[in-house]
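Summary of the model geometry
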Amino acid sequence: MAFILGSGSPRRLDLLAQLGVQPDAICPPDIDETPLKGELPVPYCSRIAREKVQAVQADAGDIVLCADTTVALGRRILGKPENAGQAAEFLHALSGRRHRVVTSVAVRCGERLLQRDVVSQVKVKRLSDTEVNAYLATGDWHGKAGAYAIQGPAGAFVPWISGSFTGIVGLPLSETAGLLQAIGYPLYGEAP
Ligand SMILES: Cc1cn([C@H]2C[C@H](O)[C@@H](COP(=O)(O)OP(=O)(O)OP(=O)(O)O)O2)c(=O)[nH]c1=O
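None of these values were measured; they are calculated from a predicted model. (Residues numbered from 1 in each chain as written. Predicted model: local features only at pLDDT ≥ 70, side-chain atom pairs only at ≥ 80, totals over all residues. Heavy atoms only, no water.)

Looking now at unusual backbone geometry. Even without glycine at this site, Ala 147 takes up a positive phi of about 70 degrees. Here Ala 147 lies in the loop between helix H4 (129-138) and strand E7 (160-162). Overall, Ala 147 belongs to the buried group, its relative accessible area being 0%. A positive phi angle, near 60 degrees, is found at Tyr 188, a position not held by glycine. Along the chain, Tyr 188 falls in the segment after helix H6 (173-183). (Helix = DSSP H or I, 4+ residues; strand = E, 2+ residues; numbered from the N terminus. Buried < 20%, exposed > 50% of the residue type's maximum accessible area, 1.4 Å probe, protein only.)

Here it is in structure tokens:
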């Protein structure tokens, strides 16, 4: 039985290591992440995580884990910004408001697929142009849903969260541990 991480995110690799899991292989799937017309953030995130885990090639007894993180501002989906201009637009939109961060985790073993959607709330303080520009200059927004990462300099913009800190970073550890145990991964040395 091999454990395959279907993710190119270094955050997810680090978070898995917190569970003591070292993947035998890292195989990020290449799927189309365009939202469907009118699709809401939670169903979108859940669908993308499922499509990711189904797209990874694996042998019958292998365990595959994939996740997707989406920032939801009301009904609006904020994905990874395409450029600094879009990152600035996202940060101004998040300024002074609460939003949700959805991370959906999917694990698969053969035909069995287990999944959890974890929704957290994040409050962003009102941001000045100076703060937004200083953050953009760090480059930390690259590749991050909603154009920020709570575990980096943008942590200073977040006075309050409710939910799963590790879920906001990209892999909710409590729920992920539960999924791995449910699918038969010997977490903590348990017999499968
Ligand atoms: C909101 C937030 C997101 N993120 C990151 C986590 C994810 O890597 C990224 C969202 O993009 P995803 O599409 O979920 O993941 P990815 O493209 O980085 O990796 P893969 O699809 O191969 O698994 O945003 C943070 O690191 N910190 C945060 O606070």
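What follows deals with the environment of Ala 177. Mapped onto the elements, Ala 177 comes out in helix H6. The spacing of Ala 177 and Tyr 188 is 11 residues in sequence and 9.8 Å in space, taken between C-alpha atoms.

Neighbouring the ligand are 20 residues; Ser 7, Gly 8, Arg 12, Lys 52 and Lys 80 lie closest to it. Asp 68 has a polar side-chain atom sitting 3.3 Å from an oxygen atom of the ligand. For the ligand, whose free accessible area comes to 610 Å², the fraction covered by protein is 93%. Ranked by residues supplied to the shell around the ligand, first place goes to strand E3 (residues 63-73) with three residues. Classifying every residue of the shell around the ligand by side-chain character gives seven nonpolar, six polar and seven charged. (Near = heavy atom within 4 Å. Polar contact = N/O pair within 3.5 Å; in protein donor to acceptor, adjacent residues only side chain to side chain. Areas by Shrake-Rupley, 256 points an atom, 1.4 Å probe, with all protein chains shown as cover. Nonpolar A, V, L, I, M, F, W, Y, C, P; charged D, E, K, R; others polar.)

Turning our attention to the pairing of strand E6 (residues 112-123). In this structure, strand E5 (residues 98-109) lies alongside E6, joined through 12 bridges in antiparallel fashion. Residue pairing in the sheet places Arg 108 in a bridge with Leu 113 of E6. The loop that links E5 with its antiparallel partner E6 comprises two residues; one of these, Gly 110, has a positive phi angle of about 60 degrees. As paired strands, E6 and E7 are joined by three bridges and run antiparallel to one another. Note on E7: the bridge partner recorded for Val 122 is Ile 161. (Pairing = 2+ DSSP bridges.)

Here Thr 176 shows up in helix H6. A residue is classified by how much of its surface remains accessible, and Thr 176, at 0% relative accessible area, is buried. With near-sequence residues (within four places) excluded, Thr 176 lies in contact with Leu 19, Leu 65, Val 105 and Leu 171. (Contact = heavy atoms within 4.5 Å.)

Under the feature "site: Important for substrate specificity" (unreviewed entry), the UniProt entry names Arg 11, Thr 69 and Gln 151. For the residues just named, distributed over 141 residues, the greatest C-alpha separation is only 14.3 Å, placing them together at one site. In this structure, Thr 69 sits in strand E3. Owing to a relative accessible area of 17%, Thr 69 belongs among the buried residues under this scheme. Setting aside its immediate chain neighbours within four residues, Thr 69 contacts Arg 12, Cys 45, Val 101, Val 102, Thr 103, Ala 145, Gly 167, Ile 168 and Gly 170. Separated by 2.9 Å, the side chains of Thr 69 and Arg 12 make a polar contact. The exposure class of Gln 151 is partly exposed, given its relative accessible area of 36%. In this view, Gln 151 contacts Arg 11 and Val 169; residues no more than four positions away in its chain are not counted. (UniProt positions renumbered as here; feature names shortened; annotations may be inferred.)

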